[in-house]
Amino acid sequence: MLDIIEKIKADLEKAKNLIKDNESLEEFRLKYLSRKGLFSTLFEEFRTLPGSEKGKVGKILNETKNLAQNIFDMLSESLSGNKSDSDEDYSLPGKTFNTGSKHLITQALDDITAIFRKIGFSVYEGTEIEDEFYNFDALNTPDYHPSRDMQDTFYLKGDFEKRYLLRTHTTPGQIHLMKNYKPPIRAIFPGKVFRNEAISARALGMFHQVDGLFVDTNVTFTDLKGTMDFFAKEFFGKGLKTRLRPSYFPFTEPSAEMDVECYLCNSKGCRICKYTGWLEILGCGMVDPSVFDAVNLDPEKYSGFAFGIGLERTLMIRHNIPDIRMFYENDIRFLKQF
Ligand code: DAH
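How each quantity is defined
- Note that residues are indexed from 1 along each chain, following the sequence as it is written.
- Local features are withheld for residues below a pLDDT of 70 in this predicted model, meaning they are given only at 70 or higher, and side-chain atom pairs are given and counted only at 80 or more; totals for whole chains, interfaces and linings count all residues.
- Computation of side-chain values covers all heavy atoms of the structure but excludes hydrogens and water.
- Numbering goes from the N terminus for both helices and strands, where a helix is a DSSP run of H or I of at least four residues and a strand is a run of E of at least two.
- The buried label goes to any residue with under 20% of its type's maximum accessible area, the exposed label to any with over 50%, and the partly exposed label to all in between, with areas taken from a 1.4 Å probe on protein chains only.
- Here, two residues are considered to be in contact whenever any of their heavy atoms come within 4.5 Å of each other.
- Only the protein chains shown count as cover for residues, and all accessible areas are computed by the Shrake-Rupley method using a 1.4 Å probe.
- Charged residues are defined here as Lys and Arg on the positive side and Asp and Glu on the negative side; His and the ends of the chain fall outside this count.
- Charge positions are represented by NZ for Lys, CZ for Arg, CG for Asp and CD for Glu.
- Two aromatic rings, drawn from Phe, Tyr or Trp (for Trp, its six-membered ring), form a pair once their centres lie within 6.5 Å of each other, and the interplanar angle then sorts them: stacked below 30 degrees, edge-to-face above 60, tilted otherwise.
- Comment: the charge-over-ring label is applied if NZ (Lys) or CZ (Arg) is within 6 Å of the ring centre and within 35 degrees of the ring normal.
- Two strands make a pair as long as DSSP finds a minimum of two bridges between them.
- We define a salt bridge as a contact between a side-chain nitrogen of Lys or Arg and a carboxyl oxygen of Asp or Glu at a distance within 4 Å.
- Any residue with a heavy atom lying within 4 Å of a molecule or strand is counted as near it.
- Two N or O atoms form a polar contact when they lie within 3.5 Å of each other; inside protein one atom must be a possible hydrogen donor and the other a possible acceptor, and for residues adjacent in sequence the pair counts only when both atoms belong to side chains.
- To estimate the expected span of a helix, count its residues, drop one, and scale the result by 1.5 Å.
- The directions considered for the arc are those from the helix axis to the C-beta atoms.
- Sulfur atoms of two cysteines make up a disulfide when they are within 2.5 Å.

Undergrad: Could you give an account of the overall build of the protein chain, naming the residues involved and the relevant values?
TA: Looking only at helices and strands, the protein chain has eleven helices and nine strands in total. Principal-axis analysis of the C-alpha atoms places the extent of the protein chain at approximately 105 × 60 × 40 Å. Within the protein chain, the fraction of its 338 residues that count as buried is 41%. Taking the contacts inside the protein chain whose residues are at least 6 apart along the sequence as the reference set, 66% of them involve residues at least 24 apart. For the protein chain, the accessible surface area stands at approximately 19800 Å², while carbon and sulfur atoms represent 51% of it. For the protein chain, the distance from the average position of its 45 positive side-chain charges to the average position of its 50 negative side-chain charges is 4 Å.

Undergrad: Describe the packing of aromatic side chains, and please don't skip the residues or the numbers.
TA: By the definition in use, this model includes 18 aromatic pairs. For the ring pair Phe 160 and Tyr 164, a centre distance of 5.3 Å and an interplane angle of 90 degrees mean the geometry is edge-to-face. Using a relative accessible area of 27% as the deciding quantity, one classes Tyr 164 as partly exposed. Relative to Tyr 328, the ring of Phe 327 lies with its centre 6.2 Å away and its plane at 40 degrees, an arrangement referred to as tilted. A network of ring pairs unites the aromatic residues Phe 116, Phe 121, Phe 214, Phe 231, Phe 235, Phe 236, Phe 305 and Phe 307 as a single cluster. The cationic tip of Lys 54 hangs over the ring face of Phe 46; the distance from NZ or CZ to the ring centre is 5.8 Å.

Undergrad: Got a sec to walk through the pairing of strand β5 (residues 206-216)? Specific residues and values, please.
TA: A large share of β5 lies buried, amounting to ten of its eleven residues. Across ten bridges, the pairing between strand β4 (residues 185-194) and β5 is antiparallel. When the sheet's bridge partners are listed, Ile 185 is paired in β5 with Val 215.

Undergrad: Give a detailed account of the pattern of salt bridges, specifying residues and quantitative values.
TA: Inspection of the entire model under this criterion finds 19 salt bridges. Measuring nitrogen to oxygen at the nearest pair gives 2.9 Å for the salt bridge that ties Arg 325 to Asp 323. Residue Arg 325 is classed as partly exposed on the basis of its relative accessible area of 31%.

Undergrad: Let's hear about the site of the ligand: which residues, and what values?
TA: Surrounding the ligand, one finds 15 residues, the nearest of these being His 169, Thr 171, Arg 195, Gln 209 and Asp 211. Gln 209 has a polar side-chain atom sitting 3.0 Å from an oxygen atom of the ligand. Protein chains bury 88% of the 350 Å² of accessible surface belonging to the ligand in isolation. At the level of secondary structure, the elements contributing two or more residues to the shell around the ligand comprise β5, β8 (278-287) and β9 (303-310).

Undergrad: Provide a residue-level description of the side chain of Asp 259, including the pertinent values.
TA: Looking at the element boundaries, Asp 259 is found in strand β7 (residues 252-261). One polar contact links Asp 259 to Arg 243, side chain to side chain, over a distance of 2.8 Å. Separated by 2.9 Å, the side chains of Asp 259 and Arg 245 make a polar contact. Apart from residues lying up to four places away in sequence, Asp 259 is in contact with Lys 241, Thr 242, Arg 243, Arg 245, Trp 278, Leu 279, Glu 280 and Ile 281.

Undergrad: Describe in detail unusual backbone geometry, supporting the description with residues and values.
TA: In this structure, the amide linkage connecting Pro 183 to the following residue, Pro 184, adopts the cis form with an omega of 5 degrees. With respect to the secondary-structure elements, Pro 184 resides in the loop between α7 (172-180) and β4. For the bond running from Glu 253 to Pro 254, omega is -5 degrees, close enough to zero to count as cis. Relative to the helices and strands, Pro 254 resides in strand β7. At Asn 218, a residue that is not glycine, the phi angle is positive and equals roughly 65 degrees. In this fold, Asn 218 is placed in the loop between β5 and α8 (221-236). Of note in this structure, Asn 330 is not a glycine but carries a positive phi near 55 degrees. Mapped onto the secondary structure, Asn 330 falls in the loop between α10 (311-319) and α11 (332-335). Judged by its relative accessible area of 56%, Asn 330 is exposed.

Undergrad: Mind laying out helix α1 (residues 2-18), listing which residues take part and the relevant values?
TA: Counting along an α-helix, one turn takes 3.6 residues, and residues three or four places apart therefore face a common direction. Between its terminal C-alpha atoms α1 stretches 25 Å, which fits the 24 Å expected from 17 residues at 1.5 Å a residue. Among the residues of α1, those classed as buried are Ile 5, Ile 8, Leu 12 and Ala 15. For α1, the arc enclosing every buried residue in end-on projection is 75 degrees, short of the 170-degree limit, so these residues lie on one face. Within α1, the exposed residues directed more than 90 degrees away from the buried face are Asp 3, Lys 7, Lys 14 and Asn 17.

Undergrad: Can you break down the state of the cysteines residue by residue, with the values?
TA: Under the defined criterion, the tally for this structure stands at zero disulfides. Sulfur of Cys 273: no disulfide; nearest cysteine sulfur belongs to Cys 262 and is 3.8 Å away. By relative accessible area, which is 3% here, Cys 273 ends up buried. Of all cysteine sulfurs in the structure, the one in Cys 262 sits closest to Cys 284, which takes part in no disulfide; the separation is 20 Å.

Undergrad: Now, about the side chain of Glu 312: what can you tell me, with residues and values included?
TA: Following the sequence through the fold, Glu 312 ends up in helix α10. No salt bridge is formed by the buried Glu 312; its nearest oppositely charged neighbour, Lys 192, is found at 8.5 Å. There is a polar contact of 2.5 Å between the side chain of Glu 312 and the side chain of Tyr 328. With residues near it in sequence (within four places) discarded, Glu 312 still touches Ile 105, Phe 207, His 208, Ile 324, Phe 327 and Tyr 328.

In C-alpha cells form, the structure reads like this:
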C-alpha cells in the first residue's frame, strides 16, 4: 500500500502543473477527493490492515490526502481569482446597496418629541434600572399591588440594600423630575420598559413608553384634556375625534384613558376596535396628592397632570400592524415600509 501512496504523491505533483481551468480542477477533485475518489478507497483499505502497519501507513496516507486537499484549495482559489479579474462583464448593471434609515420606533419617538416640544415640553431621559421607591412606592403603588410580584417584574439579583428592578413603566421619571427640579415642570420622558410577560402577538418582555408630566400652580383637568387632544390630532391626523374614559391608576386621581375614533372602520365597529368604534391610546390623570407628598411638594400649592403612552401599541393602531413582535424581528420587508 505504501507503494501506491508514493505513486499518488508523484502524480499529485504533476497534476498541480497541469490544471489550468475549472474543468480539469473538477476532474482532479473527482479522481482524488470525492466520496468515491482514490482517497476514500484507500482509507477503506487502510481499515483492513493489520494493527502493526496502521501507524506508519496512516501517517503517510493522511499527509498525502492533505497534500491533495491543499493543491485543490490553492488552485480553486487562484482560478476563481483569475475569473473575477479578467471575466468581469462591465455591461452588467451595478450592485445596489440598501441605504439605512431610522427604525419605526425611532421615527415615532422623534415625531412625539417634536409634537410636545411645540407646546413647551422638554425631554428627559430616565434610567432603565430603578429601585422600588421610584418604580412603585413613590407612585402610590403599595406592597400588595400585583405589578410588584416577581411574576410581573424583573428584579435584579444581588445583595443590595434596596431591591432594584428593570422599570416596568417610564412613570418613575415623574419622581426623578419632581425631586430634582422646581415647578413649573413640563417634560416628556420616553424609553424602554420591561415586564415579565409571556411573549405573544400583543405582549413582549421589552417595549417603549412615553410618559409626560406637567406640574405648576393651577394646572387643571382641562389642561390635561386639551394637551392630550392636541397630541392625538397631531399624531393620528387632524380630523379624529377623541374621548376620555374614567379609569384607575394608583398615581393619578382622577384617572382616565384616552380613545381615538377607530379610523380603520370609521367608528362603525370592527375586529380591531372590538366593535366599539374606539381605540385606546393612553392613560392619564391628575397627579395624586400622595405622589406630591413622596417628593415633598405641597399638594395645596401645586397641581399637575401626567400621562403615559404605549408606543408599540399606538403604532400598531396607527399602521395597522397585527403583531408586536414584528417591530423587533428586523425583517427588511417590514422595516422598508416606514
Ligand atoms: N404607567 C402606566 C402603565 O404603564 C401608564 C400611565 C397611566 C402613565 C397614567 C401615567 C399616567 O403617567 O398618568 O400602564
